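Understanding the architecture of this molecule
Given next are the chains, with one letter for each unit.
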Amino acid sequence: MKARLNAYTAAPETMKAVAAIEPIIAASGLEHSLIEPVKTRASQINGCAYCIHMHTKDARAHGETEERLYLLDAWRESPLYSERERAALAWTEALTLISETHAPDDVYEEVRKHFSETETANLTTLIGVINTWNRIAIGFRYLHPVKAKAA
């Protein structure tokens, strides 16, 4: 696979604007143990290797366990995720697959049980932003770092 273009070079002001949301979300009060799994789960659904690589690495740096990362795509079948995390992951899936789900009321109601209005708005923005990054990375064929195989 060959990269198509570098959006940071092609549209630096646009990319700066998208990137400016990241520190706002990080400082929003949403816990890192929630932010990185949400980013990773959306990236899994979208098939974005670049973002999966980045956000699993970031999750580990914030103390996430290998086990929870390995089981993220099967979170419904694992007891390792809290009710708050489950609500966030369900909302992530609903919004990432918006054309199929149309953000169902039951999923929204579950999010609202666990998140304040402000947190819900921040979580929804987080999900929207990672979906934007996924589309940039996939559309322009960004490549994740690859370590050389040992001989």
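Our structure's up above, just so we're on the same page.
Now for a look at the structure at hand. (Residues numbered from 1 in each chain as written. Predicted model: local features only at pLDDT ≥ 70, side-chain atom pairs only at ≥ 80, totals over all residues. Heavy atoms only, no water.)

Check the secondary structure of the protein chain and you find 9 helices and 0 strands. In the protein chain, the succession of helices and strands from N to C terminus is α-α-α-α-α-α-α-α-α. Compactness check: the protein chain gives a C-alpha radius of gyration of 16 Å against a globular reference of 15 Å for 151 residues, within 12% of the reference. When its C-alpha atoms are laid out on the principal axes, the protein chain stretches across 45 × 40 × 30 Å. Looking at the protein chain as a whole, 37% of its 151 residues are labelled buried. (Helix = DSSP H or I, 4+ residues; strand = E, 2+ residues; numbered from the N terminus. Rg over C-alpha atoms; globule rule 2.2 N^0.38 Å. Buried < 20%, exposed > 50% of the residue type's maximum accessible area, 1.4 Å probe, protein only.)

Turning next to the packing of aromatic side chains. On inspection of all chains with the given rule, the structure shows 3 aromatic pairs. Both rings, one in Tyr50 and one in Tyr142, keep their centres 5.6 Å apart while their planes meet at 75°; by these two values the pair is edge-to-face. Residue Tyr50 is found in helix H4 (residues 49-61), and its partner Tyr142 is found in the segment after helix H9 (117-139); the two are separated by 92 residues along the sequence. Judged by relative accessible area, Tyr50 falls into the partly exposed class, the value being 26%. (Phe/Tyr/Trp six-rings, centres within 6.5 Å; stacked < 30°, edge-to-face > 60°.)

Contact geometry of helix H6 (residues 83-96) with H9 gives a least axis separation of 10 Å together with a crossing angle of 50°. Comparing their axes, H9 and H6 come out oblique. When the axes of H6 and H9 are compared, the crossing they make is right-handed. Between H6 and H9, the residues in contact are Arg84, Ala88, Trp91, Thr92, Leu95 and Thr96 and Glu119, Leu123, Thr124, Ile127, Asn131 and Arg135, respectively. (Axes fitted to C-alpha atoms, helices over the stretch in contact; angles between N-to-C directions. Parallel < 35°, antiparallel > 145°, perpendicular 65-115°, else oblique. Left-handed = near helix turned anticlockwise from the far one by under 90°. Contact = heavy atoms within 4.5 Å.)

Here we take up a nonpolar patch on the surface. Together, Tyr70, Leu71 and Leu80 line one region of the surface with nonpolar side chains, adding up to about 280 Å² of accessible area. Positionally, Tyr70 belongs in helix H5 (residues 66-70). (Patch = residues over 30% accessible without salt bridge, like charges linked within 9 Å, V, L, I, M, F, W, Y side chains within 5 Å. Areas by Shrake-Rupley, 256 points an atom, 1.4 Å probe, with all protein chains shown as cover. Salt bridge = Lys/Arg side-chain N within 4 Å of Asp/Glu carboxyl O.)

So, on to the nonpolar core. If you look at the biggest cluster of nonpolar residues, it comprises 21 residues, and the most contacted ones within it are Leu30, Val38, Trp91, Phe115, Leu123 and Leu126. Elements supplying a minimum of two residues to this core: helix H3 (32-46), H6, helix H8 (105-114) and H9. Of the residues forming this core, the biggest block, 7 residues, is contributed by H6. Of all hydrophobic cores here, the second largest spans 12 residues; its members include Val18, Cys48, Ile136 and Ala137. (Core = buried A, V, L, I, M, F, W, Y, C linked by side-chain atoms within 4.5 Å.)

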